[in-house]
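Structural overview
This is what each chain is made of:
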Amino acid sequence: MSQQQDLLRDAMRRLNLTRDAFSERLGVRRRALDTWLLPSDSSESRAMPEMVGKFVAEILQREALDTGVGSVGAGQQRPLAQRIAAEGKPQLLSVAQFDRGSLEDLFHVADVMQPIARRQKVTRILEGAVLGSLFFEASTRTRVSFGAAFCRLGGTVCDTTGFTFSSMAKGESIYDTSRVMSGYVDALVVRHPEQGSVAEFARATNIPVINAGDGPGEHPSQAILDLYTIQREFSRMGKLVDGTHVALVGDLKYGRTVHSLIRLLALYRGLKFTLIAPPSLEMPAYLVELVARNGHVVEQTSSLAQGLRGADVVYATRVQKERFANGETLEGYTPEFQVCKALVDAACKPDTILMHPLPRDGRPGANDLSVDLNHDPRLAIFRQTDNGIPVRMAIFAVLMGVEQQVARSMRDASWRSPAHIGPDDADFDGLD
């Protein structure tokens, strides 16, 4: 993404304006704005006039003065790492560490990371830094995503997976493991099957610790990349997160990704949530109450056909059978409880976004997001996973205090990568 796109997208987010409203605020045609937002290698991309850039900066400055909040580059705020700190430390344990302003600032850093994530630019900003990747629970996507993000910033990764290969299997405490590892590495990413365990790792060290999932608790980086994806998809369609209708589908009791996502979405205004799950797997009551207290509408149903109607975003999750308590059984799911193409075509809008944290159960008759949607342009799951790289790069950069150095450290990549990573990726006229 060019500096021009970065500036314009960030301005629209900060001003909470759609493309139509933003072009009107600037006094330009919507078509002109669209050409400025196109990737620089697009044949229809146009350079934004210098005067427009100055006008955008003036609008943001006036907005910051009116609201009493400084802009990112103005030096009027504490560093982002301090504003989202966990007990004073540069660690990411819960989405509760964010308010809307700090979340938008992190998204701005993720935008800066996009050319690196898209293999157009490279940086060595974390050269010499070592990441300790401790996954005491099986993982492929999250573990590799964090590792790739750290490597694309110039760092290296030491990782381990499972209790079998850990000294904790010999009885070592979490405190001892965390403190010992902190002597070897410069940051830790931890996934653990017990809720609250990552916070224990964090208490034993002063280096950055990132929660990559703690049992049925939270998965903050996944929720952040999910919301970042929603914003980018909405930007392409000229929509805002405020006032949107989100349907959360599947295992809402044990699905930690939805627990974190609904808390982040609650920071926005006027949302409608439809929670679709069998009675035995409903969203925990404390989260439903939290969302309702923030003034959002919450509906609960076990009917897929009814719940999906009118949704702007459908976020499906698989059944987390590995987290069921002893004797707990799966009830209320039928073979029809599947987000498939026939149902989506019947109940959803042409511009509904279909999301999933992955992995999904692709077997026939599975109670999950069906593979028959793979060629549907509404399916955003691969754009979603791709966004995990710039978002996790942003998290590392912020927690390690180098986010302001990234832009000037970039240089062109020496290799060529495909314009579309997957052969079936949607083009979206270059606006994705």
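Residues numbered from 1 in each chain as written. Predicted model: local features only at pLDDT ≥ 70, side-chain atom pairs only at ≥ 80, totals over all residues. Heavy atoms only, no water.

**So, the packing of aromatic side chains**
Summed over all chains, the structure comprises four aromatic pairs. Geometrically, the ring pair formed by phenylalanine 107 and tyrosine 228 is tilted, given 5.3 Å between the ring centres and 50° between the ring planes. With phenylalanine 107 in helix α6 (residues 100-117) and tyrosine 228 in helix α10 (residues 220-237), this residue pair connects regions lying 121 residues apart in the sequence. We classify tyrosine 228 as buried; its relative accessible area is 0%. Geometrically, the ring pair formed by phenylalanine 146 and phenylalanine 396 is edge-to-face, given 5.8 Å between the ring centres and 70° between the ring planes. One end of the pair, phenylalanine 146, is in helix α7 (residues 141-152); the other, phenylalanine 396, is in helix α15 (residues 381-399), and 250 residues separate them in sequence. The exposure classification of phenylalanine 146 matches that of phenylalanine 396, with both residues buried. Lying across the ring of phenylalanine 146, arginine 392 places its NZ or CZ 4.5 Å from the centre. (Phe/Tyr/Trp six-rings, centres within 6.5 Å; stacked < 30°, edge-to-face > 60°. Helix = DSSP H or I, 4+ residues; strand = E, 2+ residues; numbered from the N terminus. Buried < 20%, exposed > 50% of the residue type's maximum accessible area, 1.4 Å probe, protein only. Lys NZ or Arg CZ within 6 Å of the ring centre and 35° of its normal.)

**Thoughts on the sheet that holds strand β9 (residues 313-317)**
Reading across from one edge, β8-β7-β6-β9-β10 is the order of the five strands in this open sheet, with parallel pairing throughout. Strand pairing shows two members of the sheet lacking a second neighbour, β8 (297-301) and β10 (353-355), which therefore form its edges. Taken over all neighbouring pairs, the strand axes of this sheet differ in orientation by 15° on average, direction set aside. The pairing of strand β6 (residues 245-250) with β9 spans five bridges and is parallel. Residue pairing for β9: alanine 247 is matched across the bridge by valine 314. Contacting β6, β7 (272-276) and β9, helix α11 (residues 256-265) runs over the sheet at an angle of about 155° to β9. The strands that helix α12 (residues 285-293) touches are β7 and β8; relative to β8, the one it contacts most, it runs at about 145°. (Pairing = 2+ DSSP bridges. Axes fitted to C-alpha atoms, helices over the stretch in contact; angles between N-to-C directions. Contact = heavy atoms within 4.5 Å.)

**Side note on the pattern of salt bridges**
One pass over the full model with this rule turns up 28 salt bridges. Aspartate 34 is paired through a salt bridge with arginine 30; the nearest N and O atoms lie 2.9 Å apart. Linking aspartate 34 with arginine 30, this pair stays in helix α3 (residues 30-37), spanning four residues, or about one helical turn. Taking relative accessible area as the criterion, arginine 30 reaches 27% and is therefore assigned partly exposed. A salt bridge links aspartate 345 to arginine 378; its shortest N-O distance comes to 2.6 Å. Taken together, the residues span a long stretch of sequence, with aspartate 345 in helix α14 (residues 341-347) and arginine 378 in the loop between β10 and α15 at a distance of 33 residues. For aspartate 345, a relative accessible area of 42% corresponds to the partly exposed category. Through salt bridges with shared partners, a single ionic network connects Asp10, Arg14, Arg83 and Asp105. (Salt bridge = Lys/Arg side-chain N within 4 Å of Asp/Glu carboxyl O.)

No statement about biological role is implied by the geometric values presented.
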